[in-house]
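Geometric and topological summary
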Protein chains: 2
Amino acid sequence: MLINGGCPKNILSIKDALEALEGRWKLLILFALSSGPKRFKQLAREVVGITDKTLSKELKNLEANKLVTRSVHDTFPPTVEYTITSHGLSLEKVIEELHYWGLAHRAEIIGN
Amino acid sequence: MLINGGCPKNILSIKDALEALEGRWKLLILFALSSGPKRFKQLAREVVGITDKTLSKELKNLEANKLVTRSVHDTFPPTVEYTITSHGLSLEKVIEELHYWGLAHRAEIIGN
């Protein structure tokens, strides 16, 4: 198993992942986008607790890391939509394991 | 698949997990402890880039979340050791998926 041994070589890829996903918001934003493209205001409503300023900053960072794309549609007024990329969708297993661990963690912390 | 749909119920457990593991250091500290109990100075060396102040703060938080235990041994001078708990070890799959995704992310970002 990976965790047995704590190999220093593996720590680099884990560090890369943690830096790209840093903070409590990025995975939640990606999770919200996994059900389809969304506009800024929709995202701000779905990711409960995030401020507009933080959401804007996080979206820029996610774009730089090729995890979301931002597209401007030629409407009146112009509309902006955010879409998760295939690279963003490749986080599915990470999100899935976090979901299961989050359930176990809640049981562990509340159960004792 | 979990990510398809972005079910609001699942977002709670993901939020719980992200709050317990927030920041770039906690999983790296747990990863370092996965090879065996360590003293503070050993950890500070292995988790490259962390300051003593941050390590100390993170260890307290990990202890509060039952992910590590701190034990004081009756030696001259007394020695303090940190050990990963079974709850901490249950993060193995999360860390494993982050490792694989980190490898893919590096390829994606550097490869383009």
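As a starting point, this report considers the structure included with it. It should be emphasised that the depicted structure is a prediction, and the values quoted were computed from it without experimental measurement.

Here we look at the sheet that holds strand β1 (residues 38–39) of chain A
Residue and element names in this part refer to chain A.
- Strand order in the open sheet formed by three strands is β1-β3-β2, with antiparallel pairing between adjacent strands. With partners counted over all chains shown, the strands left at the sheet margins are β1 and β2 (68–73), one partner each.
- Where β2 and strand β3 (residues 79–84) come together, six bridges link them in antiparallel fashion. Paired with S71 across the strands is E81, a residue of β3.
- The strands touched by helix α2 (residues 26–33) are β1, β2 and β3; relative to β3, the strand with the most contacts, the crossing angle is about 100 degrees.
- Set on the sheet, helix α4 (residues 52–64) makes contact with β2 and β3; between it and β2 the angle comes to about 110 degrees.

A look at the packing of α2 of chain A against α4 of chain A
All names here are of chain A.
- Where α2 contacts α4, the axes come no closer than 10 Å and their chain directions differ by 80 degrees. Classified by the angle their axes make, α2 and α4 are roughly perpendicular. On the side of α2, the interface is formed by K26, I29 and L30, while α4 contributes L55, E58, L59, N61 and L62.
- Taken together, the residues that form the contact of α2 with α4 break down as five nonpolar, one polar and two charged.

Observations concerning the side chain of K26 of chain B
Residue and element names in this part refer to chain B.
- Position of K26 relative to the elements: it lies in helix α2 (residues 26–33).
- Given the relative accessible area of 6%, K26 is considered buried.
- Here the side chain of K26 touches E58 through a polar contact of 2.9 Å, side chain to side chain.
- Setting aside chain neighbours within four positions, we find K26 in contact with A20, L21, E58, N61 and L62.

Parameters and conventions
Residues numbered from 1 in each chain as written. Chains lettered and ligands numbered in written order. Predicted model: local features only at pLDDT ≥ 70, side-chain atom pairs only at ≥ 80, totals over all residues. Heavy atoms only, no water. Pairing = 2+ DSSP bridges. Helix = DSSP H or I, 4+ residues; strand = E, 2+ residues; numbered from the N terminus. Contact = heavy atoms within 4.5 Å. Axes fitted to C-alpha atoms, helices over the stretch in contact; angles between N-to-C directions. Parallel < 35°, antiparallel > 145°, perpendicular 65-115°, else oblique. Nonpolar A, V, L, I, M, F, W, Y, C, P; charged D, E, K, R; others polar. Buried < 20%, exposed > 50% of the residue type's maximum accessible area, 1.4 Å probe, protein only. Polar contact = N/O pair within 3.5 Å; in protein donor to acceptor, adjacent residues only side chain to side chain.

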